[in-house]
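# Structural description and commentary
Now for the letters of each chain:
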Amino acid sequence: MQTLMQPVIMPVQEFSQCLKQILAGRKISASELARMMAYKSRNSIFRILDEKGGHSARQAFYDRLTGEDPLDLSEQERQALGQALEVSRVGEHVFMSNRAMRELLMSAGMETEGKRVRIDAFNRPEDPGFHMGLAEMARNRKAYIAITGCCDRAIFNALRERIYKTDVTCDVKVTHLIYTGEEEIVNNISAIQPLLYCDFYTAYCVEPGVFGREREALYRQNCIHVQTLDQDGTWYWQSFALADKGVFIPLGRKTQAPQDCFSRYFAEDLKRMPLLKAEFSGKNGLENYLSYTESCRKLEMNRAIYTIKLDVPFPCIHPDILLPCVQEDFWNMAGEKAAEVKAAFRQIHLERWENIFEKKKSTHIICSQEAMARFARSGRLSDHVFVIRTYTPRERVQILMHLRAQARENPNFSLYFFKAGFEPMLTEIGLYEGEGTLINKPYTHYDLAGDHAEAIIAQKEFCQRYKEFFIKDLLERSVISQEETLAYMDALIEMAQKA
(Lines give C-alpha, C1' and ligand atoms only; values in the text may rest on other atoms or scores of the structure.)
Protein backbone atom coordinates (compact mmCIF):
# COMPACT_ATOMS: atom_id res chain seq x y z
CA MET A 1 0.00 0.00 0.00
CA GLN A 2 1.26 3.44 -0.90
CA THR A 3 1.65 5.60 2.17
CA LEU A 4 1.73 9.32 2.74
CA MET A 5 5.46 9.26 3.27
CA GLN A 6 6.51 7.03 0.37
CA PRO A 7 5.07 8.42 -2.86
CA VAL A 8 5.39 6.23 -5.94
CA ILE A 9 7.22 8.17 -8.67
CA MET A 10 5.63 7.42 -12.05
CA PRO A 11 5.00 9.37 -15.25
CA VAL A 12 2.21 11.90 -14.72
CA GLN A 13 -0.82 10.91 -16.84
CA GLU A 14 -4.52 11.54 -16.72
CA PHE A 15 -6.71 8.51 -16.05
CA SER A 16 -7.84 8.16 -19.67
CA GLN A 17 -4.25 8.21 -20.94
CA CYS A 18 -3.14 5.56 -18.46
CA LEU A 19 -6.12 3.31 -19.25
CA LYS A 20 -5.58 3.66 -23.02
CA GLN A 21 -1.93 2.66 -22.56
CA ILE A 22 -2.89 -0.47 -20.60
CA LEU A 23 -5.55 -1.46 -23.15
CA ALA A 24 -3.17 -0.88 -26.08
CA GLY A 25 -0.58 -3.11 -24.43
CA ARG A 26 -3.13 -5.92 -24.29
CA LYS A 27 -4.65 -5.08 -27.72
CA ILE A 28 -8.09 -4.78 -26.12
CA SER A 29 -10.65 -2.33 -27.48
CA ALA A 30 -13.05 -0.22 -25.46
CA SER A 31 -15.95 -2.32 -26.76
CA GLU A 32 -14.26 -5.52 -25.65
CA LEU A 33 -13.56 -4.06 -22.19
CA ALA A 34 -17.23 -3.09 -21.91
CA ARG A 35 -18.21 -6.71 -22.63
CA MET A 36 -15.64 -8.03 -20.14
CA MET A 37 -17.07 -5.76 -17.42
CA ALA A 38 -20.69 -6.46 -18.42
CA TYR A 39 -21.51 -2.83 -19.19
CA LYS A 40 -24.87 -2.48 -20.94
CA SER A 41 -23.53 0.37 -23.05
CA ARG A 42 -19.98 0.81 -24.30
CA ASN A 43 -20.54 4.59 -24.17
CA SER A 44 -19.67 4.49 -20.47
CA ILE A 45 -16.18 3.23 -21.37
CA PHE A 46 -15.84 5.77 -24.18
CA ARG A 47 -16.70 8.60 -21.77
CA ILE A 48 -13.97 7.40 -19.40
CA LEU A 49 -11.48 7.21 -22.28
CA ASP A 50 -12.45 10.75 -23.35
CA GLU A 51 -11.86 12.06 -19.79
CA LYS A 52 -15.54 12.93 -19.36
CA GLY A 53 -18.13 12.21 -16.72
CA GLY A 54 -16.47 13.69 -13.65
CA HIS A 55 -14.42 12.21 -10.82
CA SER A 56 -17.18 10.15 -9.22
CA ALA A 57 -17.71 8.25 -12.48
CA ARG A 58 -13.96 7.63 -12.86
CA GLN A 59 -13.72 6.53 -9.23
CA ALA A 60 -16.60 4.09 -9.63
CA PHE A 61 -15.06 2.68 -12.81
CA TYR A 62 -11.64 2.36 -11.15
CA ASP A 63 -13.12 0.56 -8.12
CA ARG A 64 -14.96 -1.86 -10.39
CA LEU A 65 -12.01 -2.42 -12.71
CA THR A 66 -9.57 -3.14 -9.88
CA GLY A 67 -12.15 -5.14 -7.91
CA GLU A 68 -13.32 -7.45 -10.71
CA ASP A 69 -9.87 -7.29 -12.36
CA PRO A 70 -10.84 -8.50 -15.86
CA LEU A 71 -7.47 -7.27 -17.19
CA ASP A 72 -5.41 -9.14 -14.58
CA LEU A 73 -3.61 -5.91 -13.68
CA SER A 74 -0.08 -5.98 -12.30
CA GLU A 75 0.67 -4.14 -9.07
CA GLN A 76 2.54 -1.46 -11.01
CA GLU A 77 -0.47 -0.97 -13.30
CA ARG A 78 -2.79 -0.67 -10.31
CA GLN A 79 -0.55 1.98 -8.78
CA ALA A 80 -0.29 3.80 -12.11
CA LEU A 81 -4.08 3.86 -12.47
CA GLY A 82 -4.48 5.05 -8.88
CA GLN A 83 -2.02 7.87 -9.47
CA ALA A 84 -3.70 8.78 -12.78
CA LEU A 85 -7.07 8.88 -11.02
CA GLU A 86 -5.69 11.47 -8.63
CA VAL A 87 -4.15 13.47 -11.49
CA SER A 88 -7.55 13.64 -13.17
CA ARG A 89 -9.18 14.62 -9.87
CA VAL A 90 -6.95 17.59 -9.00
CA GLY A 91 -5.08 18.40 -12.22
CA GLU A 92 -1.44 17.86 -13.10
CA HIS A 93 -0.17 21.06 -11.47
CA VAL A 94 -1.80 20.45 -8.09
CA PHE A 95 -0.83 16.78 -8.23
CA MET A 96 2.84 17.66 -8.74
CA SER A 97 2.65 20.24 -5.95
CA ASN A 98 1.09 17.69 -3.57
CA ARG A 99 3.70 15.09 -4.47
CA ALA A 100 6.48 17.55 -3.74
CA MET A 101 4.79 18.39 -0.42
CA ARG A 102 4.76 14.69 0.49
CA GLU A 103 8.46 14.44 -0.34
CA LEU A 104 9.11 17.43 1.90
CA LEU A 105 7.28 15.79 4.81
CA MET A 106 9.09 12.53 4.18
CA SER A 107 12.59 13.94 4.09
CA ALA A 108 12.82 17.34 5.81
CA GLY A 109 15.72 17.19 8.23
CA MET A 110 17.17 14.02 6.76
CA GLU A 111 20.92 14.11 6.27
CA THR A 112 21.47 11.15 3.98
CA GLU A 113 24.07 11.46 1.25
CA GLY A 114 21.72 10.50 -1.56
CA LYS A 115 22.59 10.51 -5.26
CA ARG A 116 26.08 11.52 -6.31
CA VAL A 117 26.63 14.68 -8.32
CA ARG A 118 29.46 14.94 -10.82
CA ILE A 119 31.32 17.55 -12.84
CA ASP A 120 32.13 16.98 -16.50
CA ALA A 121 35.21 19.18 -16.68
CA PHE A 122 36.43 19.81 -20.23
CA ASN A 123 35.65 16.15 -21.08
CA ARG A 124 38.42 14.98 -18.77
CA PRO A 125 37.05 12.12 -16.62
CA GLU A 126 40.05 12.35 -14.29
CA ASP A 127 38.93 15.77 -13.04
CA PRO A 128 37.54 15.76 -9.49
CA GLY A 129 33.82 15.18 -8.97
CA PHE A 130 31.48 17.58 -7.23
CA HIS A 131 31.95 16.06 -3.79
CA MET A 132 35.75 16.11 -4.09
CA GLY A 133 35.62 19.67 -5.36
CA LEU A 134 33.58 20.72 -2.32
CA ALA A 135 36.01 18.96 0.01
CA GLU A 136 38.91 20.81 -1.64
CA MET A 137 37.05 24.11 -1.38
CA ALA A 138 36.45 23.55 2.35
CA ARG A 139 40.20 23.54 2.95
CA ASN A 140 40.41 27.26 2.05
CA ARG A 141 40.20 30.15 4.51
CA LYS A 142 36.90 31.45 3.11
CA ALA A 143 34.37 30.27 0.57
CA TYR A 144 31.40 32.20 -0.76
CA ILE A 145 28.94 30.17 -2.81
CA ALA A 146 26.21 31.86 -4.84
CA ILE A 147 23.55 29.55 -6.27
CA THR A 148 20.83 30.36 -8.78
CA GLY A 149 18.24 27.61 -9.16
CA CYS A 150 19.83 24.15 -8.88
CA CYS A 151 16.94 22.95 -6.70
CA ASP A 152 17.93 19.29 -6.72
CA ARG A 153 18.11 17.57 -3.34
CA ALA A 154 21.23 15.63 -4.33
CA ILE A 155 23.14 18.90 -4.74
CA PHE A 156 22.14 20.14 -1.29
CA ASN A 157 22.87 16.78 0.28
CA ALA A 158 26.37 17.04 -1.19
CA LEU A 159 26.81 20.58 0.12
CA ARG A 160 25.75 19.52 3.61
CA GLU A 161 27.88 16.39 3.56
CA ARG A 162 31.07 18.23 2.66
CA ILE A 163 30.58 21.58 4.40
CA TYR A 164 28.53 20.90 7.54
CA LYS A 165 31.28 19.12 9.45
CA THR A 166 33.03 19.85 12.71
CA ASP A 167 36.45 19.49 11.09
CA VAL A 168 35.71 22.12 8.42
CA THR A 169 37.44 25.34 9.47
CA CYS A 170 36.69 27.26 6.29
CA ASP A 171 34.36 30.24 6.72
CA VAL A 172 31.57 29.22 4.35
CA LYS A 173 28.59 31.30 3.28
CA VAL A 174 25.94 30.09 0.84
CA THR A 175 23.60 32.57 -0.85
CA HIS A 176 20.79 31.00 -2.84
CA LEU A 177 18.39 32.72 -5.24
CA ILE A 178 15.21 30.64 -5.61
CA TYR A 179 12.47 31.20 -8.15
CA THR A 180 9.13 31.19 -6.34
CA GLY A 181 6.65 30.79 -9.18
CA GLU A 182 3.68 28.59 -8.30
CA GLU A 183 4.78 25.82 -10.64
CA GLU A 184 8.11 25.32 -8.83
CA ILE A 185 7.94 26.63 -5.27
CA VAL A 186 7.02 23.43 -3.37
CA ASN A 187 9.56 21.30 -5.21
CA ASN A 188 12.24 23.95 -4.67
CA ILE A 189 11.67 24.18 -0.93
CA SER A 190 11.60 20.40 -0.65
CA ALA A 191 14.96 20.23 -2.44
CA ILE A 192 16.78 22.63 -0.09
CA GLN A 193 15.83 20.78 3.12
CA PRO A 194 19.38 19.49 3.83
CA LEU A 195 20.60 23.11 4.21
CA LEU A 196 17.43 24.85 5.35
CA TYR A 197 18.40 25.03 9.03
CA CYS A 198 22.13 25.76 8.54
CA ASP A 199 23.20 29.19 9.75
CA PHE A 200 25.58 29.67 6.79
CA TYR A 201 22.74 29.25 4.28
CA THR A 202 20.65 32.26 3.20
CA ALA A 203 17.93 31.97 0.57
CA TYR A 204 16.25 34.82 -1.31
CA CYS A 205 13.01 34.73 -3.32
CA VAL A 206 13.03 35.60 -7.00
CA GLU A 207 9.35 36.53 -7.18
CA PRO A 208 7.63 36.31 -10.60
CA GLY A 209 7.24 39.69 -12.31
CA VAL A 210 9.64 41.64 -10.09
CA PHE A 211 12.36 41.71 -12.74
CA GLY A 212 12.17 41.86 -16.51
CA ARG A 213 12.10 38.61 -18.45
CA GLU A 214 15.82 38.64 -19.22
CA ARG A 215 16.81 39.41 -15.63
CA GLU A 216 14.43 36.80 -14.25
CA ALA A 217 15.81 34.26 -16.73
CA LEU A 218 19.32 35.04 -15.44
CA TYR A 219 18.31 34.21 -11.87
CA ARG A 220 16.48 31.08 -12.96
CA GLN A 221 19.60 29.64 -14.60
CA ASN A 222 20.93 26.60 -12.75
CA CYS A 223 24.39 27.83 -11.84
CA ILE A 224 26.81 27.76 -8.92
CA HIS A 225 29.40 30.50 -8.50
CA VAL A 226 32.23 29.76 -6.07
CA GLN A 227 34.62 32.35 -4.69
CA THR A 228 37.41 31.20 -2.39
CA LEU A 229 40.22 32.76 -0.37
CA ASP A 230 43.05 30.26 -0.23
CA GLN A 231 45.55 29.82 2.58
CA ASP A 232 48.02 32.13 0.80
CA GLY A 233 45.50 35.01 0.75
CA THR A 234 44.54 34.87 -2.94
CA TRP A 235 40.92 35.10 -4.12
CA TYR A 236 39.70 32.76 -6.88
CA TRP A 237 36.43 32.54 -8.81
CA GLN A 238 34.84 29.72 -10.76
CA SER A 239 31.32 29.10 -12.07
CA PHE A 240 29.47 25.92 -12.97
CA ALA A 241 26.24 25.31 -14.89
CA LEU A 242 23.90 22.38 -14.34
CA ALA A 243 23.91 20.74 -17.76
CA ASP A 244 21.79 17.74 -16.79
CA LYS A 245 20.31 16.25 -13.63
CA GLY A 246 23.24 15.70 -11.31
CA VAL A 247 25.83 16.86 -13.86
CA PHE A 248 27.67 20.22 -13.80
CA ILE A 249 29.97 21.69 -16.42
CA PRO A 250 32.48 24.46 -15.57
CA LEU A 251 32.00 27.81 -17.25
CA GLY A 252 35.70 28.40 -17.77
CA ARG A 253 38.67 27.57 -15.56
CA LYS A 254 39.29 28.81 -12.04
CA THR A 255 40.75 32.32 -12.18
CA GLN A 256 41.94 34.97 -9.77
CA ALA A 257 39.29 37.54 -8.88
CA PRO A 258 38.85 40.57 -6.64
CA GLN A 259 37.27 40.11 -3.22
CA ASP A 260 33.48 39.82 -2.93
CA CYS A 261 32.58 39.52 -6.60
CA PHE A 262 29.14 38.26 -5.72
CA SER A 263 28.11 41.45 -3.91
CA ARG A 264 29.27 43.55 -6.82
CA TYR A 265 27.14 41.57 -9.26
CA PHE A 266 23.98 40.98 -7.25
CA ALA A 267 23.84 43.40 -4.31
CA GLU A 268 21.30 45.84 -5.73
CA ASP A 269 18.96 43.12 -6.94
CA LEU A 270 19.10 41.35 -3.56
CA LYS A 271 17.34 44.38 -2.06
CA ARG A 272 14.32 43.46 -4.19
CA MET A 273 14.32 39.82 -3.16
CA PRO A 274 12.65 38.95 0.17
CA LEU A 275 14.28 36.37 2.41
CA LEU A 276 12.79 32.93 2.01
CA LYS A 277 12.95 32.05 5.69
CA ALA A 278 12.84 33.76 9.04
CA GLU A 279 14.28 32.07 12.10
CA PHE A 280 13.98 32.27 15.82
CA SER A 281 16.45 30.29 17.84
CA GLY A 282 19.30 31.18 20.11
CA LYS A 283 21.41 29.88 22.94
CA ASN A 284 20.53 28.22 26.20
CA GLY A 285 19.74 30.42 29.16
CA LEU A 286 16.60 31.74 30.76
CA GLU A 287 16.52 35.00 28.81
CA ASN A 288 16.88 33.20 25.49
CA TYR A 289 14.18 30.67 26.35
CA LEU A 290 11.88 33.43 27.54
CA SER A 291 12.45 35.29 24.28
CA TYR A 292 11.91 32.10 22.29
CA THR A 293 8.63 31.37 24.09
CA GLU A 294 7.44 34.93 23.47
CA SER A 295 8.31 34.55 19.76
CA CYS A 296 6.14 31.42 19.65
CA ARG A 297 3.28 33.29 21.32
CA LYS A 298 3.45 36.09 18.77
CA LEU A 299 3.53 33.61 15.90
CA GLU A 300 0.43 31.77 17.15
CA MET A 301 -1.62 34.67 18.43
CA ASN A 302 -5.07 34.97 16.84
CA ARG A 303 -4.10 33.07 13.70
CA ALA A 304 -5.70 30.13 11.94
CA ILE A 305 -3.34 27.17 12.34
CA TYR A 306 -2.91 24.09 10.14
CA THR A 307 -0.26 21.83 11.63
CA ILE A 308 1.12 18.31 11.35
CA LYS A 309 2.49 17.12 14.68
CA LEU A 310 3.52 13.68 15.85
CA ASP A 311 1.83 13.99 19.24
CA VAL A 312 0.63 16.64 21.74
CA PRO A 313 1.53 20.20 20.71
CA PHE A 314 3.35 22.12 23.41
CA PRO A 315 0.78 24.98 23.75
CA CYS A 316 -2.00 22.39 24.30
CA ILE A 317 -0.61 21.60 27.79
CA HIS A 318 -1.95 23.89 30.53
CA PRO A 319 0.78 25.75 32.48
CA ASP A 320 -0.56 24.26 35.75
CA ILE A 321 0.55 20.88 34.38
CA LEU A 322 3.60 22.03 32.48
CA LEU A 323 5.43 24.24 34.97
CA PRO A 324 5.64 21.69 37.84
CA CYS A 325 7.33 19.33 35.35
CA VAL A 326 10.21 21.75 34.71
CA GLN A 327 13.33 20.73 36.56
CA GLU A 328 14.29 23.06 39.42
CA ASP A 329 17.82 23.47 38.08
CA PHE A 330 16.34 25.41 35.17
CA TRP A 331 14.62 27.95 37.42
CA ASN A 332 17.66 28.13 39.72
CA MET A 333 19.66 29.72 36.91
CA ALA A 334 17.70 32.90 37.61
CA GLY A 335 18.88 33.04 41.22
CA GLU A 336 16.89 35.57 43.23
CA LYS A 337 14.73 36.32 40.20
CA ALA A 338 13.55 32.71 39.83
CA ALA A 339 10.00 33.45 41.00
CA GLU A 340 9.77 36.44 38.66
CA VAL A 341 11.03 34.44 35.68
CA LYS A 342 8.70 31.53 36.47
CA ALA A 343 5.75 33.94 36.58
CA ALA A 344 6.75 35.40 33.21
CA PHE A 345 6.97 31.94 31.66
CA ARG A 346 3.59 31.02 33.12
CA GLN A 347 1.90 34.12 31.75
CA ILE A 348 3.28 33.65 28.24
CA HIS A 349 2.40 29.96 28.16
CA LEU A 350 -1.09 30.63 29.55
CA GLU A 351 -1.69 33.10 26.74
CA ARG A 352 -0.55 30.47 24.23
CA TRP A 353 -2.87 27.87 25.79
CA GLU A 354 -5.86 30.23 25.85
CA ASN A 355 -5.15 31.29 22.27
CA ILE A 356 -5.23 27.70 21.00
CA PHE A 357 -8.59 26.90 22.59
CA GLU A 358 -10.38 30.26 22.87
CA LYS A 359 -9.56 32.25 19.75
CA LYS A 360 -12.29 32.56 17.13
CA LYS A 361 -10.04 31.34 14.33
CA SER A 362 -9.64 27.64 13.60
CA THR A 363 -6.89 25.31 14.74
CA HIS A 364 -6.39 22.04 12.85
CA ILE A 365 -3.90 19.47 14.15
CA ILE A 366 -3.08 16.10 12.54
CA CYS A 367 -1.22 13.62 14.78
CA SER A 368 0.23 10.13 14.47
CA GLN A 369 -1.71 7.35 16.21
CA GLU A 370 1.52 5.53 16.95
CA ALA A 371 3.26 8.57 18.46
CA MET A 372 0.26 9.49 20.61
CA ALA A 373 0.08 5.93 21.93
CA ARG A 374 3.76 6.14 22.79
CA PHE A 375 3.12 9.33 24.76
CA ALA A 376 0.13 7.79 26.59
CA ARG A 377 2.25 4.84 27.69
CA SER A 378 5.56 6.58 28.42
CA GLY A 379 4.82 10.22 29.25
CA ARG A 380 7.48 11.32 26.76
CA LEU A 381 6.71 13.45 23.71
CA SER A 382 8.51 13.11 20.39
CA ASP A 383 9.88 16.64 20.95
CA HIS A 384 10.16 16.39 24.72
CA VAL A 385 11.82 19.52 26.10
CA PHE A 386 15.08 18.49 27.71
CA VAL A 387 14.44 20.43 30.94
CA ILE A 388 11.03 18.79 31.52
CA ARG A 389 10.65 15.51 33.41
CA THR A 390 8.45 12.66 32.20
CA TYR A 391 4.73 13.39 32.56
CA THR A 392 3.06 11.19 35.17
CA PRO A 393 0.09 8.94 34.25
CA ARG A 394 -2.23 11.38 36.02
CA GLU A 395 -0.83 14.32 34.05
CA ARG A 396 -1.14 12.37 30.79
CA VAL A 397 -4.78 11.60 31.53
CA GLN A 398 -5.47 15.29 32.23
CA ILE A 399 -3.81 16.35 28.97
CA LEU A 400 -5.60 13.73 26.88
CA MET A 401 -9.01 14.27 28.48
CA HIS A 402 -8.83 17.99 27.81
CA LEU A 403 -7.84 17.39 24.17
CA ARG A 404 -10.73 14.98 23.76
CA ALA A 405 -13.22 17.43 25.23
CA GLN A 406 -11.98 20.22 22.97
CA ALA A 407 -12.07 17.97 19.90
CA ARG A 408 -15.70 17.07 20.68
CA GLU A 409 -17.06 20.44 21.83
CA ASN A 410 -14.95 23.28 20.47
CA PRO A 411 -16.05 24.34 16.96
CA ASN A 412 -12.73 26.14 16.41
CA PHE A 413 -10.47 23.26 17.47
CA SER A 414 -10.11 20.15 15.30
CA LEU A 415 -7.94 17.15 16.12
CA TYR A 416 -7.27 14.42 13.56
CA PHE A 417 -5.23 11.23 13.31
CA PHE A 418 -3.62 9.84 10.20
CA LYS A 419 -5.13 6.59 9.04
CA ALA A 420 -3.48 3.36 10.19
CA GLY A 421 -0.66 2.27 7.90
CA PHE A 422 0.68 5.74 7.22
CA GLU A 423 4.33 6.24 8.04
CA PRO A 424 5.23 8.62 10.89
CA MET A 425 6.23 12.05 9.66
CA LEU A 426 9.89 12.91 9.55
CA THR A 427 9.19 16.58 10.07
CA GLU A 428 6.70 18.81 11.79
CA ILE A 429 5.14 21.61 9.80
CA GLY A 430 2.47 24.17 10.53
CA LEU A 431 0.93 27.13 8.76
CA TYR A 432 0.24 30.21 10.91
CA GLU A 433 -1.96 31.99 8.44
CA GLY A 434 -0.81 35.48 7.57
CA GLU A 435 2.66 34.92 9.02
CA GLY A 436 4.26 31.85 7.46
CA THR A 437 4.79 28.11 7.54
CA LEU A 438 6.99 26.82 10.36
CA ILE A 439 9.14 23.79 9.58
CA ASN A 440 10.74 22.06 12.56
CA LYS A 441 13.62 19.68 12.57
CA PRO A 442 12.10 16.36 13.72
CA TYR A 443 12.45 14.92 17.23
CA THR A 444 13.99 18.06 18.68
CA HIS A 445 14.59 18.41 22.43
CA TYR A 446 14.52 22.22 22.19
CA ASP A 447 18.13 22.48 23.28
CA LEU A 448 18.80 25.86 21.68
CA ALA A 449 22.54 25.39 22.12
CA GLY A 450 22.35 21.94 20.53
CA ASP A 451 20.90 20.76 17.25
CA HIS A 452 17.47 22.35 17.59
CA ALA A 453 16.50 24.17 14.42
CA GLU A 454 13.43 25.55 12.75
CA ALA A 455 12.63 27.95 9.96
CA ILE A 456 9.60 30.00 8.95
CA ILE A 457 8.82 30.00 5.23
CA ALA A 458 7.01 33.28 4.70
CA GLN A 459 6.69 32.95 0.92
CA LYS A 460 2.97 33.36 0.19
CA GLU A 461 2.65 30.88 -2.67
CA PHE A 462 4.23 28.10 -0.62
CA CYS A 463 1.92 28.85 2.30
CA GLN A 464 -1.11 28.70 0.01
CA ARG A 465 0.05 25.41 -1.52
CA TYR A 466 0.53 23.90 1.91
CA LYS A 467 -2.93 25.02 3.06
CA GLU A 468 -4.58 23.53 -0.03
CA PHE A 469 -2.63 20.30 0.44
CA PHE A 470 -3.61 20.15 4.10
CA ILE A 471 -7.34 20.76 3.50
CA LYS A 472 -8.02 19.16 0.14
CA ASP A 473 -5.61 16.23 0.29
CA LEU A 474 -4.82 15.28 3.88
CA LEU A 475 -8.16 16.09 5.51
CA GLU A 476 -10.19 14.62 2.66
CA ARG A 477 -8.20 11.43 2.11
CA SER A 478 -5.68 10.72 4.84
CA VAL A 479 -7.30 11.04 8.29
CA ILE A 480 -9.82 8.99 10.26
CA SER A 481 -13.32 10.28 10.98
CA GLN A 482 -14.23 12.41 14.00
CA GLU A 483 -16.11 9.46 15.51
CA GLU A 484 -13.00 7.29 15.15
CA THR A 485 -10.85 10.12 16.55
CA LEU A 486 -12.93 10.40 19.73
CA ALA A 487 -12.90 6.62 20.14
CA TYR A 488 -9.12 6.56 19.76
CA MET A 489 -8.78 9.36 22.32
CA ASP A 490 -10.77 7.15 24.73
CA ALA A 491 -8.30 4.34 24.05
CA LEU A 492 -5.35 6.68 24.68
CA ILE A 493 -6.84 7.81 27.99
CA GLU A 494 -7.23 4.18 29.01
CA MET A 495 -3.60 3.49 28.05
CA ALA A 496 -2.44 6.40 30.22
CA GLN A 497 -4.58 5.24 33.16
CA LYS A 498 -3.03 1.77 33.00
CA ALA A 499 0.55 2.99 32.54
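Residues numbered from 1 in each chain as written. Predicted model: local features only at pLDDT ≥ 70, side-chain atom pairs only at ≥ 80, totals over all residues. Heavy atoms only, no water.

## Things to note about the nonpolar core
Just so we agree on the cut-off: The term nonpolar core refers to a set of buried residues drawn from Ala, Val, Leu, Ile, Met, Phe, Trp, Tyr and Cys, joined through side-chain atoms within 4.5 Å. The buried label goes to any residue with under 20% of its type's maximum accessible area, the exposed label to any with over 50%, and the partly exposed label to all in between, with areas taken from a 1.4 Å probe on protein chains only. Going along the chain from the N terminus, every DSSP run of H or I of four or more residues is numbered as a helix, and every run of E of two or more is numbered as a strand. What makes two residues a contact is simply this: any of their non-hydrogen atoms within 4.5 Å.
Counting 60 residues, the largest nonpolar core has Ile145, Leu159, Tyr201 and Ile224 as the members making the most contacts within it. No other element matches helix α19 (residues 460-477), which puts six residues into this core. If near-sequence neighbours (up to four positions away) are discounted, Tyr201 is found in contact with Phe156, Val174, His176, Ile178, Ile192, Leu195, Leu196 and Lys277.

## Here's the deal with the packing of aromatic side chains
Basically, it comes down to this: In this scheme Phe, Tyr and Trp rings, the latter by its six-membered ring, pair at centre separations within 6.5 Å, and the angle between planes marks the pair as stacked below 30 degrees, edge-to-face above 60, and tilted otherwise.
Here the structure, examined in full by the defined rule, presents 17 aromatic pairs. Ring geometry for Tyr306 against Phe470: centres 5.7 Å apart, planes inclined by 75°, an arrangement best described as edge-to-face. Taken together, the residues Tyr306 in strand β10 (residues 305-308) and Phe470 in helix α19 connect sequence positions 164 residues apart. In terms of burial, Tyr306 and Phe470 fall into one category: buried.

## Structural notes on helix α16 (residues 338-358)
This is how it is decided: For a helix, the expected span equals 1.5 Å multiplied by the number of residues minus one.
Helix length check: α16, at 21 residues, gives a terminal C-alpha distance of 29 Å against a target of 30 Å (1.5 Å per residue), a fit within 8%. All buried positions along α16 are accounted for by Ala338, Val341, Phe345, Ile348, His349, Leu350, Arg352, Trp353, Asn355, Ile356 and Phe357.

## Looking at the environment of Lys342
Structurally, the position occupied by Lys342 is in helix α16. Linking Lys342 and Trp331, residues eleven residues apart in sequence, is a C-alpha distance of 7.0 Å. Discounting residues that sit within four places of it in the chain, Lys342 has contacts with Leu323, Glu328 and Trp331.

## Description of the sheet that holds strand β12 (residues 413-417)
Counted only if it meets this: A pair of strands counts as paired when DSSP detects no fewer than two bridges linking them.
The seven strands lie next to each other as β9-β15-β14-β13-β10-β11-β12, forming an open sheet whose pairing is mixed. The sheet is open, and its two edges are formed by β9 (277-278) and β12, each paired on a single side. Sheet analysis places strand β13 (residues 428-432) next to strand β14 (residues 436-440), joined by five bridges and oriented antiparallel. The residue of β14 that forms the bridge with Tyr432 is Gly436.

## Regarding helix α5 (residues 75-90)
Look at α5: 23 Å from first C-alpha to last across 16 residues, which is about the 22 Å you get at 1.5 Å a residue. If you check which residues of α5 are buried, you get Glu77, Ala80, Leu81, Gln83, Ala84, Leu85, Glu86, Val87 and Ser88. Backbone geometry just after α5 places Gly91 at a positive phi near 95°.

## Here we look at the confidence of the model for the chain
Rules: Residue-level confidence of the predictor is what pLDDT reports, using numbers from 0 through 100.
Taken over all residues, the pLDDT of the chain has a mean of 85, while the share at 70 or more is 88%. Below a pLDDT of 50 lies the segment residues 1-8, which in the model reaches 26 contacts outside its immediate sequence neighbourhood of four places, other chains included. This stretch, residues 108-114, has a pLDDT under 50; its non-local contacts, to residues over four places away or in other chains, come to 16 contacts.

## What to know about the state of the cysteines
Rules: What counts as a disulfide here is a pair of cysteine sulfur atoms lying within 2.5 Å.
Applying the stated criterion to the full structure yields zero disulfides. Cys316 provides the cysteine sulfur closest to Cys367, a residue in no disulfide bond, and the two sulfurs are 8.1 Å apart.

## A short note on the pairing of strand β3 (residues 171-179)
Counting buried residues along β3, seven of its nine residues qualify, which places the element largely inside the surrounding structure. Summarising the sheet, strand β2 (residues 142-148) and β3 pair through seven bridges and their orientation is parallel. Residue pairing across strands places Lys142 opposite Asp171, the latter belonging to β3. By the bridge criterion, six bridges tie β3 to strand β4 (residues 201-206) in an arrangement that is parallel. Within β4, the position partnered with Ile178 by the bridge is Cys205.

## Here's the deal with unusual backbone geometry
Residues other than glycine seldom take positive phi values, yet Asp69 does so here, at roughly 55°. With phi around 55°, Asn302 is a residue other than glycine that occupies positive phi space. Relative to the assigned elements, Asn302 resides in the loop between α13 (286-300) and β10.

## Quick notes on the pairing of strand β5 (residues 223-229)
The element β5 is extensively covered by neighbouring structure, given that seven of its seven residues are classed as buried. Here β5 shows two buried faces, one formed by Cys223, His225, Gln227 and Leu229 and the other by Ile224, Val226 and Thr228. One ladder, built from seven bridges, connects β2 with β5; its direction is antiparallel. Residue pairing in the sheet places Lys142 in a bridge with Leu229 of β5. Across seven bridges, the pairing between β5 and strand β6 (residues 235-244) is antiparallel. Counterpart to Cys223 in the pairing with β6 is Ala241. Adjacent in sequence and paired antiparallel, β5 and β6 are bridged by five residues, among which Gly233 carries a positive phi angle near 90°.

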